[in-house]
Amino acid sequence: MIHSIRRSFAVAVLVACGPSGQPTPAVNTPIAAAAPPVQPVQPPAADPTPPALRLPAVARPIKHVLELTIDPASEEFAGTITMELEIVAPVTTLWLHGKELAIGEATVAAGSQRIAARAISGGKEFVGLVLAHELLPGRATLVVSYRGKMHRGSGDGLYTAQEANEWYAFTQFEATDARRAFPCFDEPSYKAPWQVTIHTKKSLVALSNTPIESETDEPDGMKAVRFGETKPLPSYLVAFAVGPFDAIDAGKTRAGAPIRIVVPRGRGKDARYAVQATKPLLDRLEDYFGTPYPYPKLDMLAVSVFNAGAMENAGLITWRQELLLVKPEELTLDRQKSYATTAAHEMAHQWFGDYVTLAWWDDTWLNESFASWMESKVVEAWQPDWEVPVGRAWSTSGVMASDSLDTARAIRQPIDTANDIQNAFDGITYQKGEAVLTMIERTIGPDVFQRGVRAYLAKHAFRNATYEDFVGAMSGAAGKDLHPMFDAFVLQSGVPLASFELVCDKAKPPVMKLSQRRYAPMGSKIDPKRTWHVPVCVRWGAGSATGRDCTTLDAPAAELALSAKSCPAWVMPNEGGLGYYRMQFEGDLLAHLLANASKVLTLPERVALIGDVNALVASGDVKKAVALDLVATLAKDKSRHIVNASIGVVASIEDMVPETLRANYERFVRKLYQARAHELRWQPRKGEDDNTQQLRRSVVPLVASVGRDAELIKQATELTWKWLDAHDAVAPDIARAALAVASRNGDQKLFDRLHAEARKAGDRAERGRYLGAMGRFVDPKLLGQALALVLTDEFELRDAGGLLQGALGDPRTREQAFAFVKDHFDQILNKLPEAYRPFMAFSFVALCDDTRRPEIEAFFTPRIEKLDGGPRILAQALESMSLCSAQRKAEAPGVAAFLQRQ
């Protein structure tokens, strides 16, 4: 799943004891009409204790039959679930996962017996079914009727959302929210077929994982839509939706399974790019896996309220609407890339995650790391001009910053609590996992890696698998044990800092002296004494000759003899930027490499090098002034990637600039970028390439906002007013940046116009642009008006979150915004979807002042730690603030000295 946040609501389970007194839907059960009478159950002296996290291993489902009555305009639904079970140990209480479900009637049939079950509450996550007498090992059939809640706009479980005044019902079950829609064995190892029937209005369209098997009219304007039985699926991959959908044909898989883009009524024209791109990407996935797409259909469903990016439900992939639907006039290259990478990721899951499923959430990486790796591989093959390897280098460098925290977790982390499940879906799993797989593929070779993947899928088809299964398959393909390498990067946290020293002796071949320790940023309490099995490949140039040499650094120190005939003029210690390690340069190795970088290094290598220089600044091994001195060279580069890297260095010091040197800082920015910004200007010219368009988006707003260029500010304001009257007056890929600059320098008139347009906007993405711009005002009065909207019901906080984010991100407005967060914390928290709530901890990180830690801990700890996933997120936020504070304290004098010379 592409995501920004994972979810698990912390609300009480509503479980009725015995019949609820409310009507339940008609159901078809395998119980014969002449079944023996139900044996009543007598309440015991005390109810049994519910499980803590996982269900007891006394039963497992063999097949599910699920019937639901769903009216999207309602806030309730009714259901009956019939489970064929294998009872593996004697049991008197069957525990199931269930959340906010009111149980009506439950019975168990075993042999000639038909036993009533008394429903008891099992806390927030469980429902217990107490049986009249002990159920012995063997086959049994459980039937449970129940009612549940469809929270409007929650984005979790079975919920509803409104689009153009029409109601829709959607599902989102990963990781632990299927239990909101039906009582079940809500763990990934319980993988069994599902047959779903939905009762709904005749005028609505019902969707599920499989094609429709039959559709039957029912009284009162209703119909029953029966779907074909699925292949074995865990509960979190079951999905359904009801609403006035339109379906657009997007072709067929090679085996003939239909591909459709499913959208809210009337939005078909906005799905054109999805129609074009989906099948070519799927074809490449089938080629790589050597196995046909494993399900009988593929629907891509646009969801108007979604807490993540997309979700890989088998045969019914659900999408955040803004990613899937794009107005034709706003189809920028960035929007194309967003769709393609997300589609490749989610379709890769149809094999890695759906066809073969993790056994427990400690192996979340088997789903997400692999799908992230696969998305890059597929998109790079499909669109080589998109420079995917450069993006991968940025991603790797970025996640290393997270992995450098003492609170960072391992890719494969033991799951002992619900908090651990929520924390498993983060950048460590996605970006670090992708980087590690990329490194290992390079080490053993792409063909060997592919053979391992295919062997893994073939052996565990439609079943579950574990870390050991995957590493075993890869080791078998490689013909050697890969555990030491996998274990080093998957089972422990942290980033290796590999040190490189070039030694040239005239009487001997040149040698690289290598050593390793754990990278630690300045102020960190990390113990550096940790080692990895690090695959190292270096690239070198000696005269007209170039070459590469590789080794595995599996000890604190080692040597690598180079194949160069003479002493190299330069050495790149991380070929292709594909190694997951930071480079530390001894002697004059860095100086020689920087002198030759623009001529001899690839773009991914240059990005990796700049990232490592910044990391060495953060660790105190390189002075900030050294990095700032590099900026003048980087800023002149032709590639947007390198220019953006230079901008990152310049922007990183903004919070360290004292007011007495603010003018110097602005002058420094203008000196570096002003000429190019005026050459690029706000509006594009015909025939521009992608590099130029991307440069405009980073350089022009920087010079306008940070460099305080009066002419560019004036132009941005003029363009904003034109855009407010007619969106086609401004290029779609620059409109958001122009809005931000205009708002930073805007007045009440502009604020009121943006507010009025936000109220009228029917499209969520467009509404987000208006609200994001409103959060950029720096006038305290106008900012106060913007922040006040957060507390109203005028806009969903999913949309209005930009009002807070913009203000917290700007040094000029940060304190006002943070004070607002503290003053209204509980109100803001209650308006947020529960998945987002623990991330409110990051609202204080940018304060970058460890002297305020006691105040911050006292306020945030009792509020964040009680939320699912909160303890780790709070610990990471506190550590991030402390490291920022230590770095600022160490670097501020050097930054001031540098700016005094500007």
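As shown above, the structure is provided for reference.
Residues numbered from 1 in each chain as written. Predicted model: local features only at pLDDT ≥ 70, side-chain atom pairs only at ≥ 80, totals over all residues. Heavy atoms only, no water.

Re the sheet that holds strand β29 (residues 582–585)
Turning to step 1, where the next piece is worked out: Strand order in the open sheet formed by four strands is β27-β24-β23-β29, with mixed pairing between adjacent strands. Every interior strand has two partners, whereas the edge strands, β27 (557–561) and β29, have only one. Put simply, the sheet's adjacent strands are angled 30° from each other on average, direction ignored.
Turning to step 2, where the next piece is worked out: Two strands pair when backbone bridges link them, and strand β23 (residues 496–503) and strand β24 (residues 511–518) are joined in this way by eight bridges, in the antiparallel orientation. Paired with Glu 501 across the strands is Lys 513, a residue of β24.
Turning to step 3, where the next piece is worked out: In this fold helix α11 (residues 589–600) packs onto β23, β24 and β29, with an angle of close to 110° to the strand it touches most, β29. (Pairing = 2+ DSSP bridges. Helix = DSSP H or I, 4+ residues; strand = E, 2+ residues; numbered from the N terminus. Axes fitted to C-alpha atoms, helices over the stretch in contact; angles between N-to-C directions. Contact = heavy atoms within 4.5 Å.)

Quick word on the environment of Gly 541
Turning to step 1, where the next piece is worked out: Along the chain, the position of Gly 541 falls in strand β25 (residues 534–542).
Turning to step 2, where the next piece is worked out: Overall, the relative accessible area of 4% leaves Gly 541 in the buried class.
Turning to step 3, where the next piece is worked out: Here the alpha-carbon distance between Gly 541 and Leu 324, two residues 217 residues apart in the chain, equals 46 Å.
Turning to step 4, where the next piece is worked out: When neighbours within four sequence positions are excluded, Gly 541 is seen to be in contact with Thr 546, Pro 568, Ala 569 and Trp 570. (Buried < 20%, exposed > 50% of the residue type's maximum accessible area, 1.4 Å probe, protein only.)

Here we look at the packing of aromatic side chains
Turning to step 1, where the next piece is worked out: Evaluated as defined, the whole model comprises 42 aromatic pairs.
Turning to step 2, where the next piece is worked out: Consider the rings of Tyr 273 and Tyr 339, whose centres lie 6.1 Å apart with planes at 85°: the pair is edge-to-face. One end of the pair, Tyr 273, is in helix α1 (residues 272–289); the other, Tyr 339, is in helix α3 (residues 333–349), and 66 residues separate them in sequence. Each member of the pair, Tyr 273 together with Tyr 339, is buried.
Turning to step 3, where the next piece is worked out: Ring geometry for Trp 365 and Phe 470: centres 5.8 Å apart, planes at 85°, overall edge-to-face. Placement of Trp 365 in helix α4 (residues 364–382) and of Phe 470 in helix α9 (residues 467–478) is noted, with a sequence separation of 105 residues between them.
Turning to step 4, where the next piece is worked out: The ring of Trp 721 is capped by Lys 749, whose NZ or CZ atom sits 5.3 Å from the centre of that ring.
Turning to step 5, where the next piece is worked out: Lys 822 extends its terminal NZ or CZ atom over the ring of Phe 859, reaching a point 5.2 Å from the ring centre. (Phe/Tyr/Trp six-rings, centres within 6.5 Å; stacked < 30°, edge-to-face > 60°. Lys NZ or Arg CZ within 6 Å of the ring centre and 35° of its normal.)

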